[in-house]
Amino acid sequence: MDNCDLEKLSISAGKLHPAFSPQVTDYRVTVESSVSKVTLDLSTSDCGASYSILSGDRSSSVNLKDGLNRVDIEVVAEDGTAKRYSVEINKLSGKIAELTDLALEGDIPLFPPFTPKGHEYGSFVPFDCSAVTPLTKVPDSLIRVAVNGKSGCQPVPLHFGDTLVEVSVCSADGSVSQVYTVLVTRELIPVAVTFTEGKQQLDYECPVSLSALYRPTSVHHSNPKSTFSRPYIEMLARRSKLDPLSGCPLGDGWKVAELDLDKEMSAAPVRCFFHYRGCDSVMPLSELGPHSLDCPHKPTGDLDAKDVTQTGWYKEHFETSGGLEIETKHVCKVRNWEKRLQLTGEEDSVDKLCALAEEHLNHYSKHLPQRGEQLKSENVESLLLSLEQAAAYYASAVALSPRKARLHFLLGLVLEEQHNAMEIYGLQRKADKVGPELNDAKSSAHQDDILAVCELHGFHGTPTVENQLQALDKEYHLLKEQGQSHKSDYVQTLYLWLSKNAGKDRSAVMQDEESYVYRALMKYLDAWSLSPDSWEFSLHAGRLLLLQGRSREALQHVQTGLALRPLHPALRFFTGLALLQQEQKACEGTEKEAALFLHQGLEHFVSQRCSKSRVQQDPSDPLCGLDAQFLRGLLTLGQLQQKTVLAERSMTPEQVYHIVAVLAAQSVSQCVCQSEASRQLEWVLLDAHFALLQRLVQQGERRTEAAVDRQSLVAKRCQALVALIRLTTISPCQELLDMQERTCQLAVVASPRDSRALCHLGVAQLAQYDNDPNSDGSDEVLSNARLSFQASIELEDKAQSGDPPEQLSKQKWWQEHLEAENKKEATHLSSQPSQAKAPSGSSTAKRGAKQGRGGPVQGRASVSKPTPSVAAAPVRGGKAAQPPAKALTVKGRPGAAAKPDKTAPRCSNSTKSKLPANKSEQHCSPKAVVTAKVPSVGNRGSASGPWNSRSHVSRLGLARALSRSAGTQDQAKQLYQEVIAMAPGIHDAYTELVQLLEPSDPWAAVDVYCKFPLKPVAEQSFDDAFVSGEIIRLLMSQEHYDHPHLGPSLVAYGKVMGLSCIEKYIDVLDEKSKTSLLKSVYAKINDREEDDPDLQDFFKSKCWI
């Protein structure tokens, strides 16, 4: 009687949401745009009940309009009880052009997650993924979908880096269209790429990794176009807002994605990386990833135990005796820092503590940045907490079971990972984190104190690292002899700080008992002392002892571990490395054994990274691309291979160096902060660059068929290396200066009429002069710098083809180069008298396997003989220092500036010019540079080749070189004026010209600064504010209080730098009763009118009104 339910409710088109149920009264349904009418099928539960449709014409057939159509149905029971059902029918408009879902086949995630209103997405796929298939859903079957212009959802072939997938959606009536884009990024393949054609190698090589461009990105408006792999140009742009190659400002919107270049490059043929093992396959670059996983010639990882058991040391110590006696004397004990880690809770189960530690480590691993991701700020605290908790649980477990060796070892692993987390990812608690300003202030204070010590010991200006360490060492011993232990301790702190920041390896931090990595070593040794027969404990203790400089003990540990596990690749690798780092020079047999072990470690690394079962790179893995020790070991292998130590089925030196460059570039770009680890990785990258450059030149001596491409490649790599010099974060040292000069010489030899190359050479020569201005050959070095800059200027607006400039013939290194070329040519002709004369390359010095850092000898930075100072950059806002000889388009190295040497007739300053160099005196000499063959004039092409453009940079360099001598400072002043006319916004030109003018004509100095084109105050940088500060300083020192530029300069300086920076000037003006000026300055700094009530009260308090 009272049953007013519907038993059935259905619709002829679409689907009800939710599904029909008599108790549910409200429904929704969506129908396509082609549906103009729907029919409702209704029936009541009680035959005595009735229903009626209240909408439209009350018929069960409902005419639809676009949009929402509401149909109400009333059911009335026999007793009059009523219930109303409602159906909202949404008819899609024929003008809708959107997707309801977009995905990639294979559950490849999109970021951000898909929403119909979002139109731009990204996705990251493994390097072996060669195609993706978009999967789409549309709300209306009449909506048409096309992918990259083709109807339907077909597989989209992927390029080497980025591939733009465009999903076009057209509405049912064809009037509206919409495009969804997915930028699919392939993971970077972990091997170097070799193109089959030299021209393509030249065109497609990244200046940083020296491998194929990855996600190529160019600098907007650069000419010639500056193109880099995207991760690396972004890394360099964070260091300097200048084009790394041209030095021009980047500007807004500087980044241009070169998707067409990516597509073009992906089709270029490349060789399989494993061609050294017999693979002759050639494939498009885009197919290299899948091939590298399936290549039948890929190393299998199978090792032969006889490589170990047949060695002399194994037979002597392990085959016939009980083992190798290890000299390490270590006692397992609980240290204070370990006690502080231990928890005070009631948990007394070692297994439970270990399980909790593993849980936190799993959380840490899960939230680390994955491929292509950046570390999320919200994860920092969580990651730190996970590591700290894991360390605390293991430390507590150690307290409960102090004789259980593995607990000590696991704690060591966590401590080392804490070190990696700080160094690589910059993880640090907010409460403990020192802001950039405080960090810079601390560094500046330390540098001030170091420079003061250097002055005491005759090193003026800003000496190289070697000279700074030498001065600190002298001061330390002097203070110890005088009994001033407190001061000597502080000097020792400065020495350690400088060593840590300037070192090429981790030896300095390994001596710091407060560092996590030192504590990790202690725990590894604790574990080893409790269980000496563990290969794992021996491996980790040995590799860190090797870093600490205890190479003899390290070798004993890793050899013991290798005897226990002769097939372990990491043990083989570090045994090979330790064999080469002994005090006694390695013999030929030892070198071959070490090279074999190093090569096997590298092949294991590559095969693991080119495996379908590969996992995310673990920084705690001893064979890890983020570990500078591993990469430096690879450099050592490359140097051994230069002597053809391993000939059969082994990588060439070039392949090894290329892998190092690729891995080091990737690792440096992953370092989110400037740290000791990032500097070590930079050293490795620079070393690999220079090693490849040398090999390229040396190969040119034997290969003449592609001389033009080789010359161009030499020039390109030299330019790239010079750019890395300018932007490296490594502290300046003699090695860097030597490397810079040799690199610039190579660039000039490859292209003697390249104006930019000559300018860079002048910078390097001037840097060498400033580093040792009182040496016997300093006048010649300064003269060479001037000649190089003059040649650069004279060649502007001229072709790069033709005869070398006359200024080169006056430089000794060039003369020796030509002499060496002539001798080689004569030797070549005499050895082949019946053959026609053929061009050949040259090398005035052959660099053997021991050259550079990372060779068989220790692999650490060498300390050159003491050299005089490189003076400091201008002191902002105070007494001006001398103009710098630095990379001309950027500011000098940050740090404290020293006062100028008032007795010197020249200007001396620091350089930002640096790159690693060889240790030996022979190789450090510019005479020893390995040079490329300079073709005769007839072979250099016509004047239609590349032309040199005009630039202020060479003039600025020449002005600096001329300013070094009192007799040429007038010429320097004229050149500075030329620079200002050509590039009015170059701060250094004004600053350095003022330094020359101020002593004799301070008014002229003021006029120079007043010509600087200052931006509106709201847009001014600190460098702009410096100019305002200098105007104030000069005018106040001359007591010109009514000068028209004084007021505006005070306002600009106060607004940018803060009122505290002008307080001393305010006090002077107050004493001179310049109240009108003061009121105007205060009002403008605070953006108020002078009659503002608050300002009026302030002026009254100051007695200005």
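Residues numbered from 1 in each chain as written. Predicted model: local features only at pLDDT ≥ 70, side-chain atom pairs only at ≥ 80, totals over all residues. Heavy atoms only, no water.

The next subject is the state of the cysteines. Inspection of the entire model under this criterion finds 0 disulfides. Not engaged in a disulfide, the cysteine Cys759 finds its nearest cysteine sulfur in Cys744; these two sulfurs lie 9.3 Å apart. Looking at Cys759, the relative accessible area reads 4%, which means it is buried. (Disulfide = S-S within 2.5 Å. Buried < 20%, exposed > 50% of the residue type's maximum accessible area, 1.4 Å probe, protein only.)

A word on the confidence of the model for the protein chain. Mean pLDDT for the protein chain: 83, with 84% of residues reaching 70 or above. Note that pLDDT drops below 50 for residues 430-438; the model gives that stretch 4 contacts with residues more than four away or on any other chain. When the criterion is pLDDT under 50, residues 834-943 qualifies, and its contacts beyond four places in sequence or with other chains add up to 384 contacts. (pLDDT = per-residue confidence, 0-100. Contact = heavy atoms within 4.5 Å.)

Attention now moves to the packing of aromatic side chains. Under the criterion given, the structure shown has 22 aromatic pairs. Taking the centre distance of 5.4 Å and the plane angle of 55 degrees together, the rings of Phe195 and Tyr204 count as tilted. For the pair Phe573 and Phe574, a centre-to-centre distance of 5.4 Å together with 80 degrees between the ring planes defines the contact as edge-to-face. Judged on exposure class, the residue Phe573 and its partner Phe574 are both buried. Through pairs of rings, three or more aromatic residues link up here, namely Phe573, Phe574, Phe605 and Phe630. (Phe/Tyr/Trp six-rings, centres within 6.5 Å; stacked < 30°, edge-to-face > 60°.)

We now examine the sheet that holds strand β1 (residues 6-11). In spatial order, the strands read β1-β3-β5; together these 3 strands make up an open sheet with antiparallel pairing. In this open sheet, the two edge strands, each paired with only one partner strand, are β1 and β5 (61-63). The sheet shows a mean angle of 20 degrees between the axes of neighbouring strands, taken without regard to direction. Alignment of β1 against strand β3 (residues 37-44), held across 5 bridges, turns out to be antiparallel. Paired with Leu6 across the bridge in β3 is Thr44. (Pairing = 2+ DSSP bridges. Helix = DSSP H or I, 4+ residues; strand = E, 2+ residues; numbered from the N terminus. Axes fitted to C-alpha atoms, helices over the stretch in contact; angles between N-to-C directions.)

Moving on: unusual backbone geometry. One can expect most non-glycine residues to show negative phi and most peptide bonds to be in trans. The linkage connecting His17 with the following residue, Pro18, adopts the cis geometry, with an omega of -5 degrees. In the segment running from Asn223 into Pro224, the intervening peptide bond is cis, with an omega of 0 degrees. Its location among the elements puts Pro224 in the loop between β17 (216-219) and β18 (227-229). Backbone geometry places Asp107, a non-glycine residue, at a positive phi of 60 degrees. When you line up the elements, Asp107 lands in the loop between β8 (101-104) and β9 (120-125). For Asp107, a relative accessible area of 77% puts it in the exposed group. Positive phi, close to 60 degrees, is recorded for Asp797, a residue that is not glycine. As for its placement among the helices and strands, Asp797 is situated in the loop between α25 (778-794) and α26 (806-809).

The subject of this paragraph is helix α10 (residues 405-424). Helix length check: α10, at 20 residues, gives a terminal C-alpha distance of 29 Å against a target of 28 Å (1.5 Å per residue), a fit within 8%. Within α10, 17 of the 20 residues are buried, which leaves the element mostly enclosed by the surrounding structure. Following α10 by one or two positions, Gly426 adopts a phi angle in the positive range, close to 70 degrees. (Expected span 1.5 Å × (residues − 1).)

Turning our attention to the pairing of β8. The two faces of β8 differ: Leu102 and Leu104 on one face are buried, but Asp101 and Ala103 on the other face are not. Relative to strand β11 (residues 134-137), β8 is paired through 4 bridges, and the arrangement is antiparallel. If you follow Ala103 over to β11, its bridge partner there is Leu135.

To continue, consider the packing of helix α24 (residues 755-771) against α25. Packing of α24 against α25 leaves a shortest axis separation of 8 Å and a crossing angle of 160 degrees. Taken together, the axis directions place α24 and α25 in an arrangement best described as roughly antiparallel. Classified by chirality, the crossing of α25 by α24 is left-handed. Between α24, through Ser755, Leu758, Cys759, Leu761, Gly762, Val763, Gln765, Leu766, Gln768 and Tyr769, and α25, the contact on the second element is made entirely by Ser778, Val781, Leu782, Asn784, Ala785, Ser788, Phe789, Ala791 and Ser792. (Parallel < 35°, antiparallel > 145°, perpendicular 65-115°, else oblique. Left-handed = near helix turned anticlockwise from the far one by under 90°.)

Okay, the pairing of strand β2 (residues 26-31) next. Residues Tyr27, Val29 and Val31 point to one face of β2 and are all buried, whereas Asp26, Arg28 and Thr30, pointing to the other face, are not buried. As defined by bridge partners, β2 adjoins strand β7 (residues 82-91) across 6 bridges and the pair is classed as parallel. The residue of β7 that forms the bridge with Val31 is Lys91.

All right, on to the packing of helix α33 (residues 1022-1037) against helix α35 (residues 1063-1071) then. Across the interface, α33 lies against α35 with an axial gap of 12 Å and an inter-helix angle of 30 degrees. Viewed along their axes, α33 and α35 adopt a mutual orientation that is roughly parallel. Along this stretch, α33 crosses α35, giving a crossing that reads as left-handed. Here Ile1032, Arg1033 and Met1036 of α33 come into contact with α35, specifically with Tyr1065, Val1068 and Leu1069. Partitioning the contact of α33 with α35 into residue classes produces 5 nonpolar, no polar and 1 charged. (Nonpolar A, V, L, I, M, F, W, Y, C, P; charged D, E, K, R; others polar.)

Once that is clear, we can look at the sheet that holds strand β19 (residues 255-257). One open sheet accounts for 3 strands, arranged β18-β17-β19; its pairing is antiparallel. Unpaired on one side and paired on the other, β18 and β19 mark the two borders of the sheet. Going across the sheet, the axis of each strand differs from the next one's by a mean of 40 degrees, ignoring polarity. With 3 bridges joining them, β17 and β18 adopt antiparallel strand pairing. Note that in β18 the partner of Ser218 across the bridge is Thr227. On the sheet, helix α2 (residues 230-239) packs against β17, β18 and β19 and is oriented at approximately 105 degrees with respect to β18.

Looking now at the nonpolar core. Among the nonpolar cores identified, the biggest contains 192 residues, and Phe160, Val193, Phe195, Leu285, Val606 and Leu634 are the most heavily contacted of them. Ranked by the residues each element gives to this core, the list is headed by helix α21 (residues 676-700), at 13 residues. Non-local contacts of Phe195, meaning those with residues more than four positions away in its chain, are made with Gln200, Gln201, Tyr204, Ala212, Met265, Ala268, Pro269, Val270, Arg271 and Leu285. The next biggest cluster of nonpolar side chains, apart from the first, holds 58 residues, and it includes Val763, Leu975, Leu1077 and Leu1078. (Core = buried A, V, L, I, M, F, W, Y, C linked by side-chain atoms within 4.5 Å.)

For the coordinates displayed, the defined rule picks out 44 salt bridges. The partner of Lys255 in a salt bridge is Glu234, with the nearest N and O atoms 2.9 Å apart. Of this pair, Lys255 sits in strand β19 while Glu234 is found in helix α2, placing the two residues 21 residues apart along the sequence. The exposure class of Glu234 is partly exposed, given its relative accessible area of 24%. As a salt-bridge pair, Asp1094 and Arg1088 come within 3.4 Å of each other at their nearest N and O atoms. The exposure class of Asp1094 is exposed, given its relative accessible area of 51%. Under the relative-accessibility criterion, Arg1088 is labelled partly exposed at 38%. The network of salt bridges with common partners includes Arg335, Glu338, Lys523 and Asp526. (Salt bridge = Lys/Arg side-chain N within 4 Å of Asp/Glu carboxyl O.)

Now for helix α19 (residues 628-641). In this model, α19 (14 residues) spans 20 Å end to end at C-alpha, consistent with the 20 Å of a helix rising 1.5 Å per residue. Counting buried positions along α19 gives 14 out of 14 residues, so the element sits mostly inside the fold. Its side-chain oxygen 2.9 Å from the backbone nitrogen of Gln629, Asp627 forms the N-cap of α19. (Polar contact = N/O pair within 3.5 Å; in protein donor to acceptor, adjacent residues only side chain to side chain.)

A separate point is the environment of Lys199. The residue Lys199 is located in helix α1 (residues 198-204) in this model. Once the C-alpha coordinates of Lys199 and Asp709 are considered, the two residues, 510 residues apart in sequence, prove to be 6.2 Å apart. A distance of 2.6 Å separates polar atoms of two side chains, one belonging to Lys199 and the other to Asp203.

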